[in-house]
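Architecture at a glance
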Protein chains: 2
Amino acid sequence: MASDILVNYRDKAFTLLQGDADKILKLIKVQMDNLTMPQCPLYEEVLDTQMFGLSREIDFAVRLGLIPEHEGKALLDTLERELSALHEASLRK
Amino acid sequence: MASDILVNYRDKAFTLLQGDADKILKLIKVQMDNLTMPQCPLYEEVLDTQMFGLSREIDFAVRLGLIPEHEGKALLDTLERELSALHEASLRK
């Protein structure tokens, strides 16, 4: 029972963070499809703000002991790779 | 045992958030004592960024079910009141 609750919080924290990362990716996809201006300063600002918000959530989950530090870092790294692939694809259009 | 873990995560989440709010207050105090320029755009930007970061942490803790929504809101409201009092005091100097 005790470990059920522990696992439950950990799972929930990871699911929430993964969901937030997906939201950023979708937001940027929509921006790229509609604005086609990845070099726009507003785009950069939105992305920076969202990445900062997510990194604060991840950091908080790590400090709480719900997510191991390397997992939080991997989540951010993956998102950055996906965003960068998206960015490159839009430049080739 | 199960409820011990639950209480432990809740306490820890609240302590972390309260600590982060205190850090923002201290940061702004130092800025005001040393820069004496609360109308400076950089000051506003630092404050906005920090408040946004904290609000994302609080929102995450609420979504995890570790903090009731009203408690998260109260924490932010209190910090905003303290910052505003600090701001007014610096204008009277």
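An account of the accompanying structure is given in this report. (Residues numbered from 1 in each chain as written. Chains lettered and ligands numbered in written order. Predicted model: local features only at pLDDT ≥ 70, side-chain atom pairs only at ≥ 80, totals over all residues. Heavy atoms only, no water.)

1. Quick look at the overall build of chain A
When its secondary structure is counted, chain A shows three helices and zero strands. Mapped from its N terminus to its C terminus, chain A presents α and β elements in the order α-α-α. Residue burial in chain A is summarised as follows: out of 93 residues, 38% are buried. For chain A, the exposed area adds up to about 5500 Å²; of that, 58% sits on carbon and sulfur atoms. (Helix = DSSP H or I, 4+ residues; strand = E, 2+ residues; numbered from the N terminus. Buried < 20%, exposed > 50% of the residue type's maximum accessible area, 1.4 Å probe, protein only. Areas by Shrake-Rupley, 256 points an atom, 1.4 Å probe, with all protein chains shown as cover.)

2. Some details on helix H2 (residues 41–64) of chain A
With 24 residues, H2 of chain A extends 34 Å from end C-alpha to end C-alpha; this agrees with the ideal 34 Å at 1.5 Å per step. Turning to H2 of chain A, its buried residues are Tyr43, Leu47, Met51, Gly53, Leu54, Arg56, Glu57, Ile58, Phe60, Ala61 and Leu64 of chain A. (Expected span 1.5 Å × (residues − 1).)

3. Section: the layout of surface pockets
Quantified by volume, the largest pocket comes out at close to 190 Å³. Taken together, Glu45, Asp48, Thr49 and Phe52 of chain A together with Glu45, Asp48, Thr49 and Phe52 of chain B form the lining of the largest pocket. Residue assignment for the lining of the largest pocket shows that the elements contributing at least two residues are H2 of chain A together with helix H2 (41–64) of chain B. Considered class by class, the residues forming the lining of the largest pocket number two nonpolar, two polar and four charged. (1 Å grid on protein atoms, 1.4 Å probe; cavity = no way out; pocket = protein on both sides within 12 Å on 5 of 7 lines; lining within 4 Å. Points joined across faces, edges and corners; volume = space filled by probe spheres on them. Nonpolar A, V, L, I, M, F, W, Y, C, P; charged D, E, K, R; others polar.)

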